[in-house]
Amino acid sequence: MKRIPKNVFLRRDTGTGDIMLWVLLALCPSLVSAVWYFGFRALWLSFLSVLVCVVSEALWEIITRRSITITDLSAAVTGLLLSLSLPVTVPVWALVFADVTAIIIGKQIFGGVGQNIFNPALVGRGVLLVGAAADVISFTSPYDGMTTATPLTEGEVSLSALLSGSHGGSMGETSAILLIFGFGLLYCRGIVKLNAPLGMLGTLAFLTLLFGEEKFLTGDAVGAVLGGGALFGAFFMATDYSSTPATNTGRTIFGIGAGALTFVIRRWGGTAEGVCFAILTMNFFSPLIEELTAPKVYGTGGNGYERKYKAVS
Amino acid sequence: MENTVDFRAGIMLPRPPSELLADTTIIQAQPPQVSLSSSDAVSVEVGERVQIGTVIGYDRGLTVYSSVSGTVKSIEKGRIVIDNDCRNDTAPPLEYDRTSSGGLRDYMRKISLVGMGGAGFPTAKKYENSRGIRFLLVNGCECEPHLSCDRALISNLPRKVIRGALALAEAAGGASPFICVKHRSLLETLKNACAGENIRIVQVSKKFPQGSEKQLIASVLRCEVPRFRLPRDCGAIVSNCATAAAFAESLDTGLPPVRRIVTVAGSVGQCANILTPCGTAAQYLIDLCKGALPGSVIIEGGAMTGRVIDPNSTFVSLSTTGFIALTPGEINESSCIHCGGCARVCPSGIVPYKIDGAQRAGDTKELMRLCADACISCGCCSYICPAKRELTTHTTEARRILAAQREARQ
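Because the structure is predicted, anything quoted here is derived from the model rather than measured.

### Considering the overall build of chain A
Helices and strands together make up the secondary structure of chain A, namely 14 helices and two strands. Evaluated residue by residue, chain A yields a buried proportion of 56% over its 313 residues. Within chain A, counting contacts between residues at least 6 apart in sequence, those at least 24 apart form 71% of the total. Taken as a whole, chain A presents about 13,600 Å² of accessible surface, with 68% of it coming from carbon and sulfur.

What follows is the structure, encoded as structure tokens:
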């Protein structure tokens, strides 16, 4: 219901829909690289994923008699994020299942946009990883369509391949350059801050460099950051508004935690890829981190103003 | 790099297009009639001749003086309407004792001086207890984007502001006066107008809400007013520059302050700063500015902190800073997306989205924990919110609930 504001008659132009639209635009370069390397099936899967997410959100809201919120595009963002974080060989049934799980379990049962504790796209992906691993983790080589490993398990992928994306992996996560470009768009629009991504990637690189191999200081930090889903996760999952702390310091802590957990899971865990569960775990701690890093209230001291009676000259 | 001082958080509001802003030229208005509020008692009769400065009644403990010369036309519902004969006859000047700060404070009370920055708090009450006051901040920041009445005042009458600041500092028991402005040009004007007086001119940031008392103290004195306390606990009193100028004028003429500069801006034919007597109808000033755009609403105060008024039944008072005609964009309140923008911009360091939620849920205990009482209702959170939630409405309401609760306990 549109009406004129009750007070504060100046409002910023940017609305929720604009923010989500920019996220979609920022994912477009990665979608292009997905189509370029993995063929039109990537485009069709992404389209299907967005459609299923939007439809399931609308259906849920019709059934529960809430107002329909698909125009804020957050469901579309979830759909695109989810499809791009899966390999191109994913069966259609698995994708649809993940989409519905993401929207219903990941988002709507918490109360819809902004209320969810976990990143919906990662919930969908996580459920697939746990429940249907064999179908999901068979990554595809961009050239022969054969099942291959990601650089994380295979190793020995050249830096140019890592940057351009001509290696195995999920649809949207292979081309580092285009991911950085898309994230740059969001950053320049002021939609996301660098805290969480830099914290996460920095910690991951640092820990990998130190402890990545048996011998101290011989780890492949570049491969760890560019090879798997770390960039994609850091740029588009660790910057999600709902499931990360709202404070800047909190976001830095979130990023550092996610980076450390990613490293731990990759190095000693059961799977080669740890980003998904690292971020999901940190999502769980977000409300706590936010509470602990809440800003200092004016008049309670500690805001960096010097104590009493010191005037400027 | 300008040598400005700054406070925590806040926002840089975009400057409205210049056709919506008034320049610093001051126009004089002579309305055909004025309507003054006098709710406690009326001391004139219909048909009586009054002059500028004649006592005509009492309103909420303050003496009401006529702002024009002319005849009383009607008295109803606590309002006295006076027909203006435009002769500007003045009543005999009031006596005062300039030699002591107590004398100045008595004079403040006598002339019913109130804060002219918007809140309208009786100045005499603010200066009542001058013990421990070390700083007098004269607030010329005017951070509301459409308002320029203080800017017009300072650039046209810098001497009057300086003399007023010195007089207020004296009334505060010899505090050291500061004048705070945000524009370089005003800083220069004031510095040039200072004839060796012991007064400091400070340039503050252009951020919103720099003009808020607490934020100004934080910027200039680098200390925070403790929670639940008043600026005097920082050893400071903050007064608007228009109050200072009105006080200086009153000391010169012996007449009570009955006129002020009002900004009329926004989508009106010709934006202007108008020097007008109290009691002028908002509609008269808007017509003087060639009318407001059809479909716009009239806001008293600024676009951030003001409220919508009916221009026919709203009259200028000493605390009216401006009338802004705006066509606000329609908004559609949606769910909070937890972006954290409100918490980042909040100059009080509270978390508006949480307070909003707790207030809607009626959780008073949580409101207390979230320090909702620290809200200054500046509107930054509502401005920044992408979900267009009415955060300011709810935090202000939360603060009101907590204040009522505290009062009940005492």
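### A closer look at a nonpolar patch on the surface
On the surface, a nonpolar cluster with roughly 880 Å² of combined accessible area is contributed by A:Trp44, A:Phe47, A:Leu51, A:Val55, A:Leu59, A:Ile62, A:Ile63, A:Ile68 and A:Val92. Examined against the element boundaries, A:Val55 turns out to sit in helix 2 (residues 40-63).

### Observations concerning unusual backbone geometry
All names here are of chain B. Geometrically, the link from Phe208 to Pro209 is a cis peptide bond, its omega value of -5 degrees lying close to zero. Inspection of the secondary structure assignment puts Pro209 in the loop between strand 11 (200-203) and helix 6 (213-221). We note that Cys86 has phi near 60 degrees; this positive angle belongs to a residue other than glycine. Tracing the backbone through its elements, the reader meets Cys86 in the loop between strand 8 (79-84) and helix 1 (101-110). Since its relative accessible area comes to 42%, Cys86 is described here as partly exposed.

### Concerning the pattern of salt bridges
Residue and element names in this part refer to chain B. Within the structure shown, the criterion is met by 27 salt bridges over all chains. Salt-bridge contacts for Lys207 lead to Asp6; the nearest nitrogen and oxygen are separated by 3.0 Å. Taken as a pair, Lys207 in the loop between strand 11 and helix 6 and Asp6 in the segment before strand 1 (26-28) lie far apart in primary sequence, 201 residues in all. Classification of Asp6 as partly exposed rests on a relative accessible area of 34%. For Glu397, the salt bridge identified is with Arg400, shortest N-O distance 2.9 Å. With a gap of three residues between them, Glu397 and Arg400 both fall in helix 13 (residues 391-409), about one helical turn apart. Given a relative accessible area of 48%, Arg400 falls into the partly exposed group.

### Examining the packing of helix 4 (residues 158-171) of chain B against helix 7 (residues 241-253) of chain B
The axes of two packed helices give the description: the angle between them and the distance between them. Residue and element names in this part refer to chain B. One can describe the packing of helix 4 onto helix 7 by two numbers: an axis separation of 7 Å at closest approach and a directional angle of 85 degrees. As judged from the angle between their axes, helix 4 and helix 7 are roughly perpendicular. Across the interface between the two elements, Lys160, Val161, Arg163, Gly164, Ala165, Ala167 and Leu168 from helix 4 touch Cys241, Ala244, Ala245, Phe247, Ala248, Glu249, Leu251 and Asp252 from helix 7. Per-class residue counts for the contact of helix 4 with helix 7 are ten nonpolar, one polar and four charged.

### A word on the nonpolar core
Core analysis: the biggest nonpolar cluster contains 71 residues, and A:Leu27, A:Leu81, A:Leu84, A:Leu231, A:Phe232, A:Phe236 and A:Ile279 have the highest contact counts within it. Of all hydrophobic cores here, the second largest spans 55 residues; its members include B:Leu36, B:Leu187, B:Cys241 and B:Ala246.

### Concerning the pairing of strand 11 of chain B
All names here are of chain B. With four bridges connecting them, strand 10 (residues 176-181) and strand 11 associate as parallel partners. Following the sheet pairing, Ile179 is matched in strand 11 by Ile201. The parallel pair strand 10 and strand 11, bridged by helix 5 (residues 184-193), forms a crossover whose chirality is right-handed.

### Focus: the sheet that holds strand 3 (residues 41-42) of chain B
Residues and elements named next belong to chain B. If you trace the three strands from one edge of the open sheet to the other, you get 3-5-6, paired in antiparallel fashion. The open sheet has two edge strands with one neighbour each: strand 3 and strand 6 (62-65). One ladder, built from four bridges, connects strand 5 (residues 55-59) with strand 6; its direction is antiparallel. Paired with Gly57 across the strands is Val64, a residue of strand 6.

### Let's talk about the side chain of A:Asn283
Residues and elements named next belong to chain A. Following the sequence through the fold, Asn283 ends up in helix 14 (residues 275-292). On the basis of relative accessibility, which here comes to 0%, the residue Asn283 falls in the buried class. With residues near it in sequence (within four places) discarded, Asn283 still touches Ile117, Phe118, Asn119, Ser243, Thr244 and Phe254.

### Remarks on the interface of chain B and chain A
Contacts between the two partners involve 70 residues from chain B, matched on the other side by 47 residues from chain A. Summed over both partners, the interface of chain B with chain A comes to about 5,000 Å²; 56% of that surface belongs to carbon and sulfur atoms. Here chain B and chain A share four salt bridges between them. A:Glu290 is the partner of B:Lys354 in a salt bridge, and the nearest nitrogen-oxygen pair spans 3.6 Å.

### Re the environment of B:Leu94
Residues and elements named next belong to chain B. Looking at where Leu94 falls in the secondary structure, it is placed in the loop between strand 8 and helix 1. Taking the relative accessible area as the measure of exposure, Leu94 reaches 24% and is therefore partly exposed. Placed 86 residues apart in sequence, Leu94 and Cys180 show a C-alpha to C-alpha distance of 31 Å. Ignoring sequence-local partners within four residues, the contact set of Leu94 consists of Tyr65, Tyr107, Lys110, Ile111, Gly254 and Pro256.

### Section: the side chain of A:Ser74
All names here are of chain A. Checked against the element boundaries, Ser74 lands in helix 3 (residues 74-84). A residue is classified by how much of its surface remains accessible, and Ser74, at 6% relative accessible area, is buried. A distance of 2.9 Å separates the side chain of Ser74 from the side chain of Asp72, its partner in a polar contact. Of the polar contacts made by the side chain of Ser74, one reaches the side chain of Lys107; its length is 2.8 Å. Those residues within four positions of Ser74 in sequence are excluded, and the remaining contacts are Met20, Glu57, Lys107 and Val113.

### Here's the deal with the environment of B:Phe178
For B:Phe178, the location among the structural elements is in strand 10. In this structure, the C-alpha to C-alpha distance between B:Phe178 and B:Leu136, residues 42 residues apart in sequence, is 6.0 Å.

### Section: the sheet that holds strand 15 (residues 297-300) of chain B
Residue and element names in this part refer to chain B. A sheet is described by the order of its strands in space; here six strands give the open sequence 1-14-13-17-15-16, paired in mixed fashion. Edge strands, defined here as strands with exactly one partner in the open sheet, are strand 1 and strand 16 (307-309). When strand polarity is set aside, the average angle formed by the axes of neighbouring strands in this sheet is 35 degrees. Strand direction decides the pairing type here: strand 1 and strand 14 (residues 272-277), joined by three bridges, are parallel. Bridging across to strand 14, Ile27 finds its partner in Ile274. Its contacts with the sheet place helix 3 (residues 149-156) against strand 1, strand 13 (259-266) and strand 14, and it is angled at close to 125 degrees to strand 13.

What counts and what doesn't
- Residues numbered from 1 in each chain as written.
- Chains lettered and ligands numbered in written order.
- Predicted model: local features only at pLDDT ≥ 70, side-chain atom pairs only at ≥ 80, totals over all residues.
- Heavy atoms only, no water.
- Helix = DSSP H or I, 4+ residues; strand = E, 2+ residues; numbered from the N terminus.
- Buried < 20%, exposed > 50% of the residue type's maximum accessible area, 1.4 Å probe, protein only.
- Contact = heavy atoms within 4.5 Å.
- Areas by Shrake-Rupley, 256 points an atom, 1.4 Å probe, with all protein chains shown as cover.
- Patch = residues over 30% accessible without salt bridge, like charges linked within 9 Å, V, L, I, M, F, W, Y side chains within 5 Å.
- Salt bridge = Lys/Arg side-chain N within 4 Å of Asp/Glu carboxyl O.
- Axes fitted to C-alpha atoms, helices over the stretch in contact; angles between N-to-C directions.
- Parallel < 35°, antiparallel > 145°, perpendicular 65-115°, else oblique.
- Nonpolar A, V, L, I, M, F, W, Y, C, P; charged D, E, K, R; others polar.
- Core = buried A, V, L, I, M, F, W, Y, C linked by side-chain atoms within 4.5 Å.
- Pairing = 2+ DSSP bridges.
- Right-handed = clockwise from strand over helix to strand, strands pointing away.
- Buried area = accessible area lost by both parts, 1.4 Å probe.
- Polar contact = N/O pair within 3.5 Å; in protein donor to acceptor, adjacent residues only side chain to side chain.

Nothing here speaks to function; it is all geometry.
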